[in-house]
Amino acid sequence: MGKAKTEREQADELPGGDVVRILWQQHAHIRDLFANVKKTRGDERQQWFDELRATLAVHETAEEMILRPVATRTAGEDEVEARNLEEKFASKTLAELETMDVDSDEFDTKFGYFERAVFTHAEREEQQEFPAVLAGCDRDQLRTMGYHLQSVLSMAPTHPHPKVAGSTTAQWMTGPFAALLDRVKDAVEASRRH
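Analysis parameters
Residues numbered from 1 in each chain as written. Predicted model: local features only at pLDDT ≥ 70, side-chain atom pairs only at ≥ 80, totals over all residues. Heavy atoms only, no water. Core = buried A, V, L, I, M, F, W, Y, C linked by side-chain atoms within 4.5 Å. Buried < 20%, exposed > 50% of the residue type's maximum accessible area, 1.4 Å probe, protein only. Helix = DSSP H or I, 4+ residues; strand = E, 2+ residues; numbered from the N terminus. Contact = heavy atoms within 4.5 Å. 1 Å grid on protein atoms, 1.4 Å probe; cavity = no way out; pocket = protein on both sides within 12 Å on 5 of 7 lines; lining within 4 Å. Points joined across faces, edges and corners; volume = space filled by probe spheres on them. Nonpolar A, V, L, I, M, F, W, Y, C, P; charged D, E, K, R; others polar. Salt bridge = Lys/Arg side-chain N within 4 Å of Asp/Glu carboxyl O. Phe/Tyr/Trp six-rings, centres within 6.5 Å; stacked < 30°, edge-to-face > 60°.

Enquirer: Would you take a moment to explain the nonpolar core for this structure?
Expert: What tends to happen in soluble globular proteins is that the nonpolar side chains get buried as a cluster. One finds Val19, Val20, Val133, Met145 and Leu149 to be the most contacted residues of the largest nonpolar core, which totals 23 residues. Counting only elements with at least two residues in this core, the list comes to helix 2 (19-38), helix 3 (42-74), helix 5 (105-136) and helix 6 (139-155). Tallying contributions element by element places helix 3 first for this core, with seven residues. The residues contacting Met145, other than those within four sequence positions of it, are Val19, Ile66, Leu67, Val70, Val133 and Cys137. Counting 17 residues, the second-largest nonpolar core is a separate cluster that includes Phe34, Val37, Leu52 and Ala90.

In C-alpha coordinates:
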(Lines give C-alpha, C1' and ligand atoms only; values in the text may rest on other atoms or scores of the structure.)
Protein backbone atom coordinates (compact mmCIF):
# COMPACT_ATOMS: atom_id res chain seq x y z
CA MET A 1 0.00 0.00 0.00
CA GLY A 2 3.06 2.28 0.00
CA LYS A 3 2.54 3.52 -3.55
CA ALA A 4 -1.16 4.19 -2.89
CA LYS A 5 -0.18 6.31 0.13
CA THR A 6 2.29 8.28 -2.01
CA GLU A 7 -0.36 8.84 -4.69
CA ARG A 8 -2.80 10.13 -2.07
CA GLU A 9 -0.13 12.47 -0.70
CA GLN A 10 0.62 13.80 -4.19
CA ALA A 11 -3.10 14.31 -4.79
CA ASP A 12 -3.44 16.21 -1.52
CA GLU A 13 -0.86 18.73 -2.71
CA LEU A 14 -3.18 19.86 -5.52
CA PRO A 15 -6.32 22.00 -5.19
CA GLY A 16 -9.71 20.34 -4.88
CA GLY A 17 -11.35 19.62 -8.23
CA ASP A 18 -8.03 19.53 -10.10
CA VAL A 19 -8.13 16.81 -12.77
CA VAL A 20 -4.71 15.42 -11.83
CA ARG A 21 -5.69 15.32 -8.14
CA ILE A 22 -8.76 13.26 -9.03
CA LEU A 23 -6.73 10.88 -11.20
CA TRP A 24 -4.05 10.37 -8.53
CA GLN A 25 -6.80 9.57 -6.00
CA GLN A 26 -8.28 7.07 -8.43
CA HIS A 27 -4.90 5.42 -8.98
CA ALA A 28 -4.57 4.93 -5.21
CA HIS A 29 -8.09 3.48 -5.01
CA ILE A 30 -7.33 1.10 -7.90
CA ARG A 31 -4.25 -0.17 -6.04
CA ASP A 32 -6.44 -0.82 -2.99
CA LEU A 33 -8.94 -2.74 -5.12
CA PHE A 34 -6.21 -4.94 -6.61
CA ALA A 35 -5.05 -5.77 -3.07
CA ASN A 36 -8.60 -6.65 -2.02
CA VAL A 37 -9.07 -9.01 -4.97
CA LYS A 38 -5.78 -10.75 -4.21
CA LYS A 39 -6.52 -11.33 -0.51
CA THR A 40 -10.05 -12.73 -0.89
CA ARG A 41 -11.75 -15.77 -2.41
CA GLY A 42 -15.20 -16.81 -3.58
CA ASP A 43 -18.14 -14.40 -3.64
CA GLU A 44 -16.20 -11.70 -1.82
CA ARG A 45 -13.43 -11.88 -4.41
CA GLN A 46 -15.99 -11.68 -7.22
CA GLN A 47 -17.49 -8.56 -5.66
CA TRP A 48 -14.07 -6.90 -5.33
CA PHE A 49 -13.19 -7.87 -8.90
CA ASP A 50 -16.51 -6.47 -10.17
CA GLU A 51 -15.76 -3.18 -8.39
CA LEU A 52 -12.22 -3.14 -9.79
CA ARG A 53 -13.50 -3.91 -13.31
CA ALA A 54 -16.08 -1.13 -13.18
CA THR A 55 -13.61 1.35 -11.67
CA LEU A 56 -10.97 0.63 -14.31
CA ALA A 57 -13.45 0.77 -17.19
CA VAL A 58 -14.85 4.11 -16.02
CA HIS A 59 -11.40 5.53 -15.19
CA GLU A 60 -9.83 4.68 -18.54
CA THR A 61 -12.82 5.99 -20.49
CA ALA A 62 -12.69 9.28 -18.59
CA GLU A 63 -8.94 9.63 -19.16
CA GLU A 64 -9.33 8.99 -22.88
CA MET A 65 -12.15 11.51 -23.20
CA ILE A 66 -10.89 14.33 -20.96
CA LEU A 67 -7.15 13.99 -20.28
CA ARG A 68 -5.81 12.69 -23.61
CA PRO A 69 -6.91 15.60 -25.82
CA VAL A 70 -5.06 18.02 -23.53
CA ALA A 71 -2.10 15.66 -23.09
CA THR A 72 -1.70 15.55 -26.87
CA ARG A 73 -0.90 19.26 -26.72
CA THR A 74 1.14 19.23 -23.49
CA ALA A 75 2.90 15.83 -23.49
CA GLY A 76 2.92 15.10 -27.22
CA GLU A 77 1.25 12.69 -29.58
CA ASP A 78 3.78 9.89 -29.02
CA GLU A 79 3.11 9.92 -25.27
CA VAL A 80 -0.65 9.87 -25.76
CA GLU A 81 -0.47 7.10 -28.35
CA ALA A 82 1.63 4.96 -26.00
CA ARG A 83 -0.86 5.39 -23.13
CA ASN A 84 -3.82 4.69 -25.43
CA LEU A 85 -2.21 1.48 -26.70
CA GLU A 86 -1.64 0.35 -23.11
CA GLU A 87 -5.28 1.07 -22.31
CA LYS A 88 -6.46 -0.87 -25.36
CA PHE A 89 -4.41 -3.89 -24.22
CA ALA A 90 -5.72 -3.51 -20.66
CA SER A 91 -9.32 -3.37 -21.87
CA LYS A 92 -8.86 -6.59 -23.85
CA THR A 93 -7.24 -8.33 -20.86
CA LEU A 94 -9.92 -7.09 -18.48
CA ALA A 95 -12.62 -8.45 -20.81
CA GLU A 96 -10.86 -11.83 -20.75
CA LEU A 97 -10.60 -11.80 -16.94
CA GLU A 98 -14.29 -10.97 -16.71
CA THR A 99 -15.16 -14.34 -18.30
CA MET A 100 -13.00 -16.41 -15.92
CA ASP A 101 -13.70 -18.06 -12.59
CA VAL A 102 -12.08 -15.67 -10.09
CA ASP A 103 -10.88 -18.60 -7.98
CA SER A 104 -9.12 -20.41 -10.83
CA ASP A 105 -5.37 -20.69 -11.30
CA GLU A 106 -5.80 -19.26 -14.82
CA PHE A 107 -7.41 -16.14 -13.34
CA ASP A 108 -4.65 -15.76 -10.73
CA THR A 109 -1.92 -15.96 -13.37
CA LYS A 110 -3.56 -13.54 -15.81
CA PHE A 111 -4.59 -11.23 -12.97
CA GLY A 112 -0.96 -11.00 -11.80
CA TYR A 113 0.23 -9.99 -15.27
CA PHE A 114 -2.66 -7.57 -15.59
CA GLU A 115 -1.89 -5.94 -12.25
CA ARG A 116 1.73 -5.30 -13.24
CA ALA A 117 0.65 -3.84 -16.59
CA VAL A 118 -1.91 -1.52 -14.94
CA PHE A 119 0.60 -0.29 -12.36
CA THR A 120 3.26 0.31 -15.02
CA HIS A 121 0.72 2.24 -17.07
CA ALA A 122 -0.32 4.34 -14.06
CA GLU A 123 3.29 5.14 -13.19
CA ARG A 124 3.98 6.27 -16.76
CA GLU A 125 0.95 8.56 -16.61
CA GLU A 126 2.09 9.95 -13.26
CA GLN A 127 5.69 10.51 -14.39
CA GLN A 128 5.14 11.70 -17.96
CA GLU A 129 1.58 12.75 -18.68
CA PHE A 130 0.48 14.37 -15.40
CA PRO A 131 3.47 16.74 -15.07
CA ALA A 132 3.01 17.89 -18.68
CA VAL A 133 -0.69 18.57 -18.14
CA LEU A 134 0.00 20.41 -14.87
CA ALA A 135 2.68 22.55 -16.54
CA GLY A 136 0.62 23.21 -19.67
CA CYS A 137 -2.65 24.26 -18.03
CA ASP A 138 -3.62 26.96 -15.57
CA ARG A 139 -5.62 26.26 -12.39
CA ASP A 140 -8.95 27.16 -13.99
CA GLN A 141 -8.33 24.79 -16.89
CA LEU A 142 -7.35 21.99 -14.49
CA ARG A 143 -10.51 22.55 -12.42
CA THR A 144 -12.68 22.63 -15.54
CA MET A 145 -11.11 19.38 -16.72
CA GLY A 146 -11.74 17.93 -13.25
CA TYR A 147 -15.40 18.90 -13.48
CA HIS A 148 -15.70 17.31 -16.92
CA LEU A 149 -13.84 14.21 -15.74
CA GLN A 150 -16.28 13.81 -12.83
CA SER A 151 -19.18 14.12 -15.26
CA VAL A 152 -17.76 11.42 -17.53
CA LEU A 153 -17.08 9.16 -14.54
CA SER A 154 -20.76 9.17 -13.69
CA MET A 155 -21.76 8.19 -17.24
CA ALA A 156 -18.94 5.96 -18.51
CA PRO A 157 -19.27 2.25 -19.32
CA THR A 158 -18.67 -0.11 -16.39
CA HIS A 159 -17.38 -3.01 -18.50
CA PRO A 160 -14.37 -3.10 -20.83
CA HIS A 161 -15.05 -2.39 -24.50
CA PRO A 162 -11.79 -3.28 -26.29
CA LYS A 163 -13.03 -2.15 -29.71
CA VAL A 164 -13.30 1.50 -28.59
CA ALA A 165 -10.50 1.55 -26.01
CA GLY A 166 -7.64 3.86 -26.88
CA SER A 167 -9.75 6.12 -29.10
CA THR A 168 -11.12 9.41 -27.80
CA THR A 169 -13.43 9.73 -30.81
CA ALA A 170 -14.85 6.22 -30.41
CA GLN A 171 -15.38 6.81 -26.69
CA TRP A 172 -17.40 9.95 -27.39
CA MET A 173 -19.44 8.25 -30.11
CA THR A 174 -20.26 4.94 -28.37
CA GLY A 175 -19.54 5.55 -24.69
CA PRO A 176 -22.96 6.81 -23.56
CA PHE A 177 -24.83 3.95 -25.25
CA ALA A 178 -22.36 1.34 -23.96
CA ALA A 179 -22.65 2.83 -20.46
CA LEU A 180 -26.43 2.52 -20.50
CA LEU A 181 -26.20 -1.14 -21.54
CA ASP A 182 -23.48 -1.84 -18.96
CA ARG A 183 -25.47 -0.34 -16.11
CA VAL A 184 -28.55 -2.40 -17.05
CA LYS A 185 -26.34 -5.51 -17.20
CA ASP A 186 -24.89 -4.67 -13.75
CA ALA A 187 -28.38 -4.24 -12.27
CA VAL A 188 -29.54 -7.60 -13.68
CA GLU A 189 -26.42 -9.37 -12.39
CA ALA A 190 -26.82 -7.77 -8.94
CA SER A 191 -30.46 -8.88 -8.72
CA ARG A 192 -29.47 -12.48 -9.58
CA ARG A 193 -26.98 -12.54 -6.69
CA HIS A 194 -29.53 -11.46 -4.11
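What follows continues from the structure just given.
Enquirer: In this structure, what is going on with empty space enclosed by the protein? I would like to understand it.
Expert: To find the voids left in a structure, one rolls a probe of water-molecule size over its atoms. Taken as a whole and assessed by the stated rule, the structure comprises one cavity of 30 Å³ or more. Along the walls of the largest cavity sit His27, Ile30, Arg31, His59, Glu60, Val118, Phe119, His121 and Ala122, which together make up its complete lining. A per-element tally of the lining of the largest cavity places helix 5 first, with four residues. Here the lining of the largest cavity is built from residues that sort into four nonpolar, three polar and two charged.

Enquirer: Hey, could you run me through the pattern of salt bridges in this one?
Expert: Here the idea is simple: oppositely charged side chains can pair when their charged atoms come close. Considering all chains together, one arrives at 23 salt bridges under this definition. Linking Asp50 and Arg53 is a salt bridge whose minimum nitrogen-to-oxygen distance equals 3.7 Å. Here Asp50 and its partner Arg53 are both found in helix 3, three residues apart, which amounts to about one turn of the helix. Judged by its relative accessible area of 12%, Asp50 falls in the buried class. Residue Arg53 is classed as buried on the basis of its relative accessible area, which comes to 4%. Residue Glu87 pairs with Arg68 through a salt bridge whose shortest N-O separation is 2.8 Å. Here Arg68 lies in helix 3 and Glu87 lies in helix 4 (residues 77-98), a separation of 19 residues in the sequence. Given a relative accessible area of 1%, Glu87 falls into the buried group. Arg68 sits in the buried class, given a relative accessible area of 1%.

Enquirer: When you look at the packing of aromatic side chains in this model, what are you seeing that I'm missing?
Expert: One pass over the full model with this rule turns up seven aromatic pairs. Ring geometry for Trp24 against Phe130: centres 5.5 Å apart, planes inclined by 90 degrees, an arrangement best described as edge-to-face. Here Trp24 is found in helix 2, whereas its partner Phe130 is found in helix 5, with 106 residues between them in sequence. Phe130 carries the same exposure label as Trp24, and that label is buried. When the centroid spacing of 5.2 Å and the interplanar angle of 15 degrees are considered together, the rings of Phe107 and Phe111 count as stacked. With a gap of four residues between them, Phe107 and Phe111 both fall in helix 5, about one helical turn apart. Here Phe107 falls in the buried class, since its relative accessible area comes to 0%.

Function-wise, these values are silent; they only describe arrangement.
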